[in-house]
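Analysis of the macromolecular model
The primary structure of each chain is shown beneath.
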Amino acid sequence: DSNNPSLLGNKRQQSASSSFSSNNVDLNGDTLATATLISPQQLGFVPPCDIISKDAISALQRAKTKDCRQHIAGIACAIQSRKFYPKTLPSYCPSNHTANNLLGCFRDEKKFRLLSGYFVNFKTSNTVEKCIQLCLQSGYPYAGVQYSTECFCGYDAPPEASKLPDSTCNMKCSGDQQAICGGYFAMNIYETGIAKFTAQIAESGVKRNATDEDNIRIAFLLTLNGRALRQVHRLLKSLYHTRHVYYIHIDERQDYLYRNLLELEKKFTNIRLARKRFSTIWGGASLLTMLMQCMHDLLNSSYQWDFVINLSESDFPVKKLEKLEEFLWANRNRNFVKGHGRETQRFIQKQGLDKTFVECDTHMWRIGDRKLPTGIQIDGGSDWIGLSRPFVEYVIQNKDSDELLKGLMIIFRHTLLPAESFFHTVLRNSKFCGTYVDNNLHVTNWKRKLGCKCQYKHVVDWCGCSPNDFKPEDWTRLQNTESKMLFFARKFEPIINQAIILKLEEWLYGPYPTDALNLHSYWQSFYNIEDKPTKQDDLTLTIAESLVRRLSRQWNTKQGVILELNHYMHSDQYKGYLLRFKTTDAVKNKTYELESRIRPVQYAKFAKNSKFAKRLKNFEISSDYDQKEQVSRNYHKFLGPYTDLVLTFTFVGSASHSPKDTSHSYNLTLLWIDPMGRLQDFNELHIEDSQTDNINYSKAILKQPLCPGIWTVKLIGRSAIYAQTKFLVTPLAFYNHQPIQTERARLINAGDGLTLSEDFSLPEEWIQYLPGHEESLQLKNLALRNALRTGEQLNEWVDDLTGKFHHFRETCAVNEDATKLSTASLEMLPLCRDTSWSTLAPDPKSDVYKLANIKR
Ligand code: UDX
């Protein structure tokens, strides 16, 4: 089911989503409302009715703002009074038009010139299966694609058809139909039992005459999120042609990406950014609103286009653009969507289509059950689509007037993952029903065991799944798309793995020139001075300011200004982060721009004589653990008083065990010891011995603010310590982007809260792992004194700590001037653009601007 949509399909999901409704426990761990009423006092307003839906009450209790609660209450009441949803909707799909659903039968529908051949959907008898088998056997290659001859019953065999070998075609046709043998390649799937012949392209030996007017024009609708700017450039580079248009929507909250991509507009007349932006949360109704708005913009633009294809930052082509153009050219006016491939009722339930969701406060609130209208066929699957202009025109121009569209808009404005069903359902029930092709043009890297962990529960009241990033071990999955009508794959994230992207590109376009620089490097910004302020900035500023202070001391310059922070990976290994900053020469009073590479460090130790400890690797504390990709995304290890800490480590497979020998298991305890020497939390770990390398993680549930300073985590077995690591929780020197004041510092940087309750009695055997009474007292006094620090004194403390945990590696100068800083340092700084690790080093693989001067 490699292409299936994000259904809630595995066992874990099933139990998770059923517990959502049956146990009265929602996904956020809150108990659902047991009361059937919610008071106006709680709400902050008088609701228009007595709300009875338990889901709605739960949502109202959890929603943060009054606006959002009012919105939820309004909809809940409208639904309760049965005035909200349409009960029935019309279907405009001609009743005799069953081409989409026919089992083993095809209708003669349309015939038009293409590839100087013809295109046909045809009616047939039960002999079709046999016929297809016969015809496929006599396939012959054409232009690198496997074409096959095929026979069918139809009308008006085009003259080209008679040129093809007809020995395999002696069908008996009814009425005035003729047996026709044509050269075809089947772009669609033929599944036993369910014939899904939706489009076939005839070929009669004459190639498409690709004049420009005749060519297909595509509107690539890029819906983007995150900060993977260079990957977006790389994607655009591989999709770019002057003929097409690239319309980019960037999540309203992603200022960095927006600012940087805006630059493209200056150089490319066919790359445009949507100005009306939405906070397109995962699975949110806003995703459909955004798609509709973008399609509206595209229709009203002066750009010519025949198809719109949506893609995200994590998509990448698996075929050359010409192949996609050729394919769409041959399938003009068809619409490409992927169906769920299962029983519809089951799909509806798993997808939550029978529930109302309301989006506000950047959350999708589930507010109750609903009945879908009668009279139409509900369909859905993947939200990656390829739609023809006539269909988009129909949807956008009639959404407020056409009864079917109006009704569906109401439903899908309150639907989870709406783009996974809206267009499918419109297609099925409109006059466009015959243009439905069950193919989303994508191969998707589903690994449900990893990707279905209810990871979006903070955003949606439902368990959702996400596909995994491609890695080199998934290569065959990509390679297998060659013979299929699949043009894109998802997902790719260079910060997780970039080698696979290079491999894919070289497979498609041939190897890069041998002198191409930095092909294995990747840079991704995680802070920029121009970004809109966020809560995390106080920690980032504290650490980065400290680094700039330390560097300024080193270069004998005045304290500088932080400009940007980037992650730097080489060959998919984290090589540290890069700090770009400005600093002023104390003597000449001249400002220079520099970039430094910094490695975060932790101090892990493993027991020497333990076989078990020898198998432990990457014993680290971090945060932002991604269960799907099994990695902590806080690569730079900026941990502060408000960070949710997580321990990760790899347990390397033992060579001495046979695959059957899985009997070994280890019961371990993890002790979290704060800078005052107090045990703050402990976790029981159970590790199964297994052949494969296992990534383990364990979250600490600690009272925040955490005590700043040096923490220790110890992994202990029955009677010995196996591993320990020391890590830094940085005190905050900033609060709300301003230097922290004494009162606030005392609150945050004391971190004197205790997670374990006062009466927790420490097991005897753990005492040996904690500092003694005397030492604890000293540590405590020190910590309390530290908490009183502000200004210079606080900076000194922070600098001392970052000095231990954030190590400088090297520095380069952004402009020639700065290399003269040597007077201060007595050594020459290299220029950043000549420095392979610098963000200014050449990056040809992402150099989309190079195309600005190339007319293809
Ligand atoms: C999967 C499926 O591929 C998709 O069909 C389904 O809708 C959700 O699950 P997933 O990998 O989970 O996709 O989502 P992701 O690609 O991260 O996001 C989907 C789209 O929403 C992207 O275009 C992304 O840029 C956008 N998005 C996501 C935002 O704009 N903001 C967000 O906060 C999250």
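Since the structure is predicted, the reported quantities are computational estimates derived from the model, not experimental observations.

This brings us to the sheet that holds strand β28 (residues 665-673). Strand order in the open sheet made by the five strands is β23-β32-β31-β28-β29, with antiparallel pairing throughout. Lying at the two open borders of the sheet, with one neighbouring strand each, are β23 (603-606) and β29 (679-688). Across the sheet, the mean angle from the axis of one strand to that of its neighbour is 15 degrees, orientation sign disregarded. Both β28 and strand β31 (residues 709-716) contribute to a ladder of five bridges, which runs antiparallel. Across the sheet, Leu671 pairs through a bridge with Lys714, a residue of β31.

Our focus in this paragraph is the environment of Leu221. Tracing the backbone through its elements, the reader meets Leu221 in strand β7 (residues 218-224). Take Leu221: its relative accessible area is 0%, and that puts it in the buried class. Expressed as a C-alpha distance, the spacing of Leu221 and Met295, which sit 74 residues apart in the sequence, is 8.4 Å. With near-sequence residues (within four places) excluded, Leu221 lies in contact with Tyr247, Leu291, Cys294, Val308, Ile309, Asn310 and Leu311.

In this section: the site of the ligand. In the region of the ligand, 21 residues are neighbours, and Thr280, Asp383, Ser466, Arg490 and Lys491 sit closest. Arg490 places a side-chain nitrogen or oxygen 2.3 Å from an oxygen atom of the ligand. Measuring from an oxygen atom of the ligand, one finds a side-chain N or O atom of Lys491 at 2.5 Å. Broken down by class, the residue content of the shell around the ligand amounts to eight nonpolar, six polar and seven charged.

All right, on to the state of the cysteines then. Evaluation of the coordinates by the stated rule reveals six disulfides. There is a disulfide in this structure between Cys49 and Cys77, and the S-S distance comes to 2.0 Å. Because the torsion about its S-S bond is -90 degrees, the bridge between Cys49 and Cys77 counts as left-handed. Here the residue Cys49 occupies a position in the loop between α2 (40-43) and α3 (54-62), and Cys77 occupies one in helix α4 (residues 66-80), the gap between them amounting to 28 residues. The class of Cys49 is buried, set by a relative accessible area of 19%.

The subject of this paragraph is the pairing of β29. In this sheet, β29 lies alongside β28 in antiparallel orientation, the contact comprising nine bridges. Bridge pairing in β29 links Leu670 to Asn683. Connecting β28 to the next strand, β29, in antiparallel fashion are five residues, including Gly677 with a positive phi near 80 degrees.

Most often, soluble globular proteins have nonpolar side chains that are buried together. Ile72, Ile367, Phe422 and Phe423 are the most contacted members of the largest nonpolar core, which has 67 residues in total. Here the element with the most residues in this core is helix α9 (residues 285-300); it accounts for eight residues. For Ile72, the contacting residues outside a window of four places in its chain are Ala56, Ala59, Leu60, Ala63, Val358, Cys360, Trp365 and Ile367. Residues Ile248, Phe307, Leu478 and Phe492 belong to the second largest nonpolar core, which totals 51 residues.

Counting across every chain of the model gives 31 salt bridges. Arg259 is the salt-bridge partner of Asp255, the closest N and O atoms lying 3.1 Å from each other. Residue Asp255 and its partner Arg259 are located together in helix α8 (residues 255-267), separated by four residues, close to a single helical turn. The two residues Asp255 and Arg259 agree in class, both being buried. Linked by salt bridges that have partners in common, Arg227, Asp255, Arg259, Glu530 and Asp531 make up one network.

Consider a sheet: its strands pair through backbone hydrogen bonds, and that pairing is either parallel or antiparallel. A sheet is described by the order of its strands in space; here five strands give the open sequence β19-β20-β21-β22-β35, paired in antiparallel fashion. Of all strands in the sheet, those with a lone pairing partner are β19 (521-528) and β35 (806-813), marking the two edges. Here the strands of the sheet are splayed against their neighbours by 30 degrees on average, with no regard to which way each runs. Here strand β20 (residues 557-570) runs beside strand β21 (residues 573-585); their pairing, made up of ten bridges, is antiparallel. The residue of β21 that forms the bridge with Met569 is Tyr574. Seen against the sheet, helix α18 (residues 537-555) touches β19, β20, β21, β22 (591-600) and β35 and runs at an angle of roughly 115 degrees to β20.

Looking now at the packing of aromatic side chains. A full pass over the atoms with the stated rule returns 35 aromatic pairs. Considering the side-chain rings of Phe612 and Phe651, the 5.0 Å spacing of their centres and the 40 degrees angle between planes classify their relative orientation as tilted. Highlighted residues: Phe612 in helix α19 (residues 611-614) and Phe651 in strand β27 (residues 646-651), separated in sequence by 39 residues. Phe612 gets classed as buried once you look at its relative accessible area, which sits at 5%. The rings of Phe220, Tyr240, Tyr246, Phe268 and Tyr849 are connected pair by pair, giving a single aromatic cluster.

A few words on the environment of Leu541. With respect to the helices, strands and loops of the structure, Leu541 is situated in helix α18. Residue Leu541 is classed as buried on the basis of its relative accessible area of 10%. Considering only alpha carbons, one finds Leu541 and Arg744, 203 residues apart in sequence, at a separation of 16 Å. Once residues lying within four places of it in the same chain are set aside, the contact partners of Leu541 are Tyr527, Ser546, Ile562, Phe734 and His737.

With that settled, consider the confidence of the model for the protein chain. When the pLDDT values of the protein chain are averaged, the result is 83; 79% of them are 70 or greater. Predicted confidence for residues 1-35 stays below pLDDT 50, and this span has 100 contacts to residues more than four positions away or in other chains. Confidence over residues 96-149 falls short of pLDDT 50; this stretch has 147 contacts with residues more than four positions distant or in other chains. As a predicted assembly, this complex carries a pTM of 0.85 together with an ipTM value of 0.93.

Here is what the cut-offs are and how they apply
In every chain, residue numbers begin from 1 and rise along the written sequence. Local features are withheld for residues below a pLDDT of 70 in this predicted model, meaning they are given only at 70 or higher, and side-chain atom pairs are given and counted only at 80 or more; totals for whole chains, interfaces and linings count all residues. Hydrogens and waters are ignored; side-chain quantities use all the structure's heavy atoms. If DSSP finds at least two bridges between two strands, the strands pair. Secondary structure elements are taken from DSSP: a helix is a run of H or I of four residues or more, a strand is a run of E of two residues or more, and numbering for both begins at the N terminus. To obtain an axis, a line is fitted to C-alpha atoms, over the contacting stretch when the element is a helix, and the angle between two such axes runs from 0 to 180 degrees between their N-to-C directions. Categorising residues by exposure relies on relative accessible area from a 1.4 Å probe, with only protein chains included: less than 20% of the type maximum marks a residue as buried, more than 50% marks it as exposed, and the intermediate range marks it as partly exposed. Throughout, a residue-residue contact means that at least one pair of heavy atoms, one from each residue, lies within 4.5 Å. The nearness test applies per residue and asks whether one of its heavy atoms lies within 4 Å of the molecule or strand. Polar contact is defined as a pair of N or O atoms within 3.5 Å, subject to the rule that within protein one atom must be able to donate a hydrogen and the other to accept it, and that residues adjacent in sequence are counted only when both atoms are side-chain atoms. Residues are grouped as follows: nonpolar covers Ala, Val, Leu, Ile, Met, Phe, Trp, Tyr, Cys and Pro; charged covers Asp, Glu, Lys and Arg; every other residue, Gly included, is treated as polar. Note on terminology: pairs of cysteine sulfur atoms within 2.5 Å are recorded as disulfides. Take the buried Ala, Val, Leu, Ile, Met, Phe, Trp, Tyr and Cys residues and link them wherever side-chain atoms come within 4.5 Å; each set so joined is a nonpolar core. A pair is scored as a salt bridge if a Lys or Arg side-chain nitrogen falls within 4 Å of a carboxyl oxygen belonging to Asp or Glu. Classification of ring pairs rests on two measures: the distance between centres of Phe, Tyr or Trp rings, Trp counted by its six-membered ring, which must be within 6.5 Å, and the angle between planes, read as stacked under 30 degrees, edge-to-face over 60 and tilted in between. Confidence of the prediction at every residue is given by pLDDT, a number between 0 and 100.

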